[in-house]
Every structure is written in C-alpha cells, then in structure tokens.
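# Survey of secondary and tertiary structure
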Amino acid sequence: MADRLPTGISVLDRQLDGGIPAGSILLLSADPASQSESLLYEIAAERRTLYITTVRSEGAVRDAIDRYRGGLDQLTIRDAGDYPPIDNATRLVRDLPENATLIVDVVDPLEETDPTRFRKFLNELQTHMVNTDSIAVLHAMHGDPPTNRTLTEHMSDVVFDLRTDTSGSQIVNRLAVPKFRGGGALEETIKLKLTDGVTIDTSRDIA
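Residues numbered from 1 in each chain as written. Predicted model: local features only at pLDDT ≥ 70, side-chain atom pairs only at ≥ 80, totals over all residues. Heavy atoms only, no water.

## Observations regarding the overall build of the protein chain
The helix and strand inventory of the protein chain stands at seven helices and eleven strands. Relative to its length of 207 residues, the protein chain is compact, with a C-alpha radius of gyration of 16 Å against a globular reference of 17 Å. Taking the principal axes of its C-alpha atoms as reference, the protein chain extends roughly 50 × 35 × 35 Å. Looking at the protein chain as a whole, 51% of its 207 residues are labelled buried. Here the analysis covers contacts within the protein chain between residues at least 6 apart in sequence; of these, 68% occur between residues at least 24 apart. Of the roughly 10,200 Å² that the protein chain leaves accessible, carbon and sulfur atoms contribute 45%. Of the side-chain charges in the protein chain, 22 are positive and 33 negative, and the distance between the mean point of each set is 2 Å. (Helix = DSSP H or I, 4+ residues; strand = E, 2+ residues; numbered from the N terminus. Rg over C-alpha atoms; globule rule 2.2 N^0.38 Å. Buried < 20%, exposed > 50% of the residue type's maximum accessible area, 1.4 Å probe, protein only. Contact = heavy atoms within 4.5 Å. Areas by Shrake-Rupley, 256 points an atom, 1.4 Å probe, with all protein chains shown as cover. Lys, Arg positive; Asp, Glu negative; His and termini not counted. Charge placed at Lys NZ, Arg CZ, Asp CG, Glu CD.)

The structure is reproduced here in structure tokens:
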C-alpha cells in the first residue's frame, strides 16, 4: 500500500486508512457558496503546501487563512495570473518539493483551456506527484461545468464531493467520497460541521 498523507481532518483520515495515498490527485468539488475552503486550509496545515490561486489575489488568500488558522509557516501562495493561467500553473507545479501538498483554488479556469493542453497538464501533474510523493488538491465548483470537468474527474485518483443544503432551518454539509483509487470509496456520506475547523456533525436529521 502506498504511504498515506493525512488530510488533517481526523474523521476523514480514520475512514481513509490514514489519508490520501502519496502521488494522488484529489478533486474537491463543492458548491460555490459553501465553506469548502475550510477543507483546503486543514489540508494545507499538515505539511509544506504550495497554494496556487486562480481567482482571488495572494493577499486575499493569505488573509483568509490567517483569520481561519492564525497563519501557516509552511505555506507558499502564488497567483496563477491572467487568463489563461495554465502556463503559470504548469511552471509553478514543477517547483513543488517532496512530500508536499499542491492546492489549485479553483481549477475551473484551467479546465476552460484546450483539451489537449489540459490533458498534458494533468499528466505532468500526476507524474510530478508520484515522483515527489506529494498530493495535489484541485478545488472545483459545482454548477455549469467547465469544458474539461469530466476529464478532471476521470484523471483524479480521489474525489471528494461536498454538498451544502440550505433548504431547511439548518445548514447541512455532507461529504461523499465516491472515488478512491488504491482504496475503498466510502459507502456513506459524512456530515460535517464547517465552523471553527472541520469536525463531524453528530446531530440527527429531522424529517
């Protein structure tokens, strides 16, 4: 079994036999109005992390993480630049050290590029993750899917799907893990609290 790299989210790490296999690409798909960035910040806190932002500025990401975690010493934030950002993202990926985490937040602008170029990016990303025993986290938004979203889903080794229900009197976040190469996908969703950190929500659903 490949070495597992913890996500920093204890309830997930227990159910995933210690975390995500080194060398993996993880797709985190979520609603735009959700607190999905909390999951990214927890993962970033576990080890050296290169955080590539494609929409928000470097300063905005740093401020958000400082408010959430009080700052992370082993975090490097880089802006992928103007559209199309795939060239800068490809260059930045090559600088990732060993046993590290790469976060692309969000991957949607990269998915709008030519399919051949995007496939090449994903293959180079996969190779670099394997060679450095690292993991890549691609943060993607639900909604009208970009051109190459299906390709991203297919190439990813692990898929986290976060759904946020705001229809009732409470906000309910459910995380599904429908895909997990080299391990077992979870048979049930996990109900999460995304307030002060990421914890399991033990409250019962009321019909």
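## A few points about the pattern of salt bridges
Throughout the structure, instances matching the rule amount to eight salt bridges. One salt bridge in this structure joins Asp108 and Arg149, with 3.2 Å as the shortest N-O distance. Taken together, the residues Asp108 in helix 5 (residues 108-111) and Arg149 in helix 7 (residues 149-155) connect sequence positions 41 residues apart. There is no split in this pair, since Asp108 and Arg149 are both buried. (Salt bridge = Lys/Arg side-chain N within 4 Å of Asp/Glu carboxyl O.)

## Considerations on the packing of helix 2 (residues 37-44) against helix 3 (residues 58-69)
The geometry of helix 2 relative to helix 3 is characterised by a closest axis approach of 11 Å and an angle of 80 degrees between their N-to-C directions. Comparing their axes, helix 3 and helix 2 come out roughly perpendicular. Every residue of helix 3 that contacts helix 2 at Ser38, Tyr41 and Glu42 is listed here: Ala64, Ile65, Tyr68 and Arg69. Class assignment for the residues of the contact of helix 2 with helix 3 results in four nonpolar, one polar and two charged. (Axes fitted to C-alpha atoms, helices over the stretch in contact; angles between N-to-C directions. Parallel < 35°, antiparallel > 145°, perpendicular 65-115°, else oblique. Nonpolar A, V, L, I, M, F, W, Y, C, P; charged D, E, K, R; others polar.)

## Some words on the nonpolar core
If you look at the biggest cluster of nonpolar residues, it comprises 36 residues, and the most contacted ones within it are Leu39, Tyr51, Phe160 and Leu192. In terms of residue count, helix 2 provides more of this core than any other element does, five residues in total. One finds Leu50, Val93, Ala140 and Val159 within the second-largest nonpolar core, a separate group that totals 25 residues. (Core = buried A, V, L, I, M, F, W, Y, C linked by side-chain atoms within 4.5 Å.)

## Some words on the sheet that holds strand 10 (residues 190-195)
Strands sit in the order 5-4-6-7-3-8-9-10-11 across an open sheet of nine strands; the sheet is mixed. The sheet is open, and its two edges are formed by strand 5 (75-79) and strand 11 (197-200), each paired on a single side. Across the sheet, the axes of successive neighbouring strands diverge by a mean angle of 25 degrees, strand direction being ignored. Direction of pairing for strand 3 (residues 25-30) relative to strand 8 (residues 158-165): parallel, over a ladder of five bridges. By the bridge assignment for strand 8, Leu27 is matched with Val159. Packed on one face of the sheet, helix 4 (residues 86-93) meets strand 4 (49-53), strand 5 and strand 6 (101-105) and runs near 175 degrees to strand 4. Of the strands in this sheet, strand 3, strand 6 and strand 7 (135-141) are in contact with helix 6 (residues 115-132), which crosses strand 7 at around 145 degrees. (Pairing = 2+ DSSP bridges.)

## Digging into the environment of Ser57
Along the chain, Ser57 turns up in the loop between strand 4 and helix 3. Taking the C-alpha atoms as reference points, Ser57 and Asp79, 22 residues apart in sequence, are found 6.5 Å from one another.

## A look at helix 4
Every α-helix carries 3.6 residues per turn, so stepping three or four residues along brings you back to the same face. Every buried residue belonging to helix 4 is among Ile86, Ala89, Thr90, Leu92 and Val93, and all of these are buried. Within helix 4, the buried residues cover an arc of 165 degrees as seen down the axis, which keeps them to one side. Each element contacted by the buried residues of helix 4 is listed here: strand 4, strand 5, strand 6, helix 5 and helix 6. (Arc of directions from axis to C-beta.)

## Considering the environment of Gly23
With respect to the secondary-structure elements, Gly23 resides in the loop between strand 2 (20-21) and strand 3. Classification of Gly23 by relative accessible area gives buried; the value is 6%. Between the C-alpha atoms of Gly23 and Asp66, which are 43 residues apart in sequence, the distance is 28 Å. Discounting residues that sit within four places of it in the chain, Gly23 has contacts with Gln126, Met129, Val130, Asp133, Ser134, Ile135 and Asp157.

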